[in-house]
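Each chain, letter by letter, is given below.
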Amino acid sequence: EDTADDDEGGDGGWYRVQGLEVPDDLRPLVDSTRSKIASLSPALAADSYRNLTVFVDPIDGTREFSSGRGEQCSICIGFADARGRAVAGVVYRPLTRPPTWAAGALDEGYSQFSLGETRRESGFLTTNGSISPFLEALIEELGLERVRSGGAGNKMLMLLESSLASSEDGGGSCLYIQDRGVSRWDTCAAEAILRAFGGDLAKLSGEEAGEETHYTYLETDCNLDFVPGLATCTKYNSRTNDALGKRVNDVEAFKPYSNLCGMIAFGKEFNTDDGRQTLKDAIRKASKRVPPSYD
């Protein structure tokens, strides 16, 4: 049973996570990581992070992690400013060979990556599982091939890999669009990184309406991007499961950090007036055929 010291971050707390214990052979790695983190402390002013909100996803792609596809998993750490804008982030894939990552902070003029050989295919990135009828219609409207993979952070890195390859030689590019099921910790780091590399991540509902809107990344008890009647309650985004399968007008029905407005992510090759118009036109045509689920 966990002790009070474990819960409060004592020495035992570095070896325990929700009742699971770090194996003995990995404890030296935990200790060295702890030492490196501690060594950064003197370099930071005491109030450096006072106005930032941090969103951490320690294992993005848990289904893939538990099913032997660890190369599709990532660690996502995103930082938002006092207004709730995603301003910095890092996404790290620890189980690719070699490990791969990207980091960015647009306001600081910072963008770095280590992604290995960049991809050159065009495609529409989706989950490994089923997708909504809206996404099926959108893939047809865009004329892209569906590319299956797991994890929101992993797909963001795949998109960035493709975008960088496109910049180098005019090759293919990828899109990542969802009308269901992601949260703030899935998108905060990704949005900051894509913007630092010239791309963007925004609400699908905003693109559908011809607007440019971004999620709000702040600590809250109430979903700050709730739109009455837009989202459908599911077991993933609902607080109580009382209205599953229904579109509701009560913000209290939803978890505070669920992304209820869908998302659209793209590299800098689409972040032009013509590129964004192409995306908006395709989204509107697909929406007329089958409305987004927003679940």
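Let me sum up the structure you'll find in this document. Remember, it's a predicted structure, so these values are computed and weren't measured experimentally.

Some thoughts on the environment of Phe266
At step 1: Note that Phe266 resides in strand β14 (residues 263-266).
At step 2: Along the sequence, Phe266 and Gly199 sit 67 residues apart, while their C-alpha atoms lie 5.6 Å from each other.
At step 3: Dropping the residues within four chain positions of it, Phe266 is found in contact with Leu159, Leu175, Leu194, Gly199, Asp200, Asn271, Arg276 and Leu279.

Concerning the sheet that holds strand β4 (residues 74-80)
At step 1: The five strands are arranged β3-β4-β5-β6-β7 in an open sheet whose pairing can be described as antiparallel. Because the sheet does not close on itself, it has two edges, and the strands there are β3 (53-60) and β7 (110-114). Averaged over all pairs of adjacent strands, the angle between their axes in this sheet comes to 5°, without regard to strand direction.
At step 2: Pairing analysis gives five bridges linking strand β6 (residues 100-105) to β7, with the strands arranged antiparallel. In the strand pairing of β7, Ala103 is matched with Gln112.
At step 3: On the sheet, helix α6 (residues 184-196) packs against β3, β4, β5 (86-93), β6 and β7 and is oriented at approximately 105° with respect to β5.

Here we look at the sheet that holds strand β10 (residues 174-178)
At step 1: Judged by pairing direction, the sheet is mixed, and its five strands sit side by side in the order β9-β8-β10-β14-β12 without closing on themselves. Looking at the sheet topology across the chains shown, the edges are occupied by β9 (146-148) and β12 (200-202). Each strand axis lies, on average, 25° off the axis of its neighbour in the sheet, ignoring direction.
At step 2: Both strand β8 (residues 123-126) and β9 contribute to a ladder of three bridges, which runs parallel. Bridge pairing links Thr126 to Arg148 in β9.
At step 3: Seen against the sheet, α6 touches β12 and β14 and runs at an angle of roughly 140° to β12.

About the cut-offs
Residues numbered from 1 in each chain as written. Predicted model: local features only at pLDDT ≥ 70, side-chain atom pairs only at ≥ 80, totals over all residues. Heavy atoms only, no water. Helix = DSSP H or I, 4+ residues; strand = E, 2+ residues; numbered from the N terminus. Contact = heavy atoms within 4.5 Å. Pairing = 2+ DSSP bridges. Axes fitted to C-alpha atoms, helices over the stretch in contact; angles between N-to-C directions.

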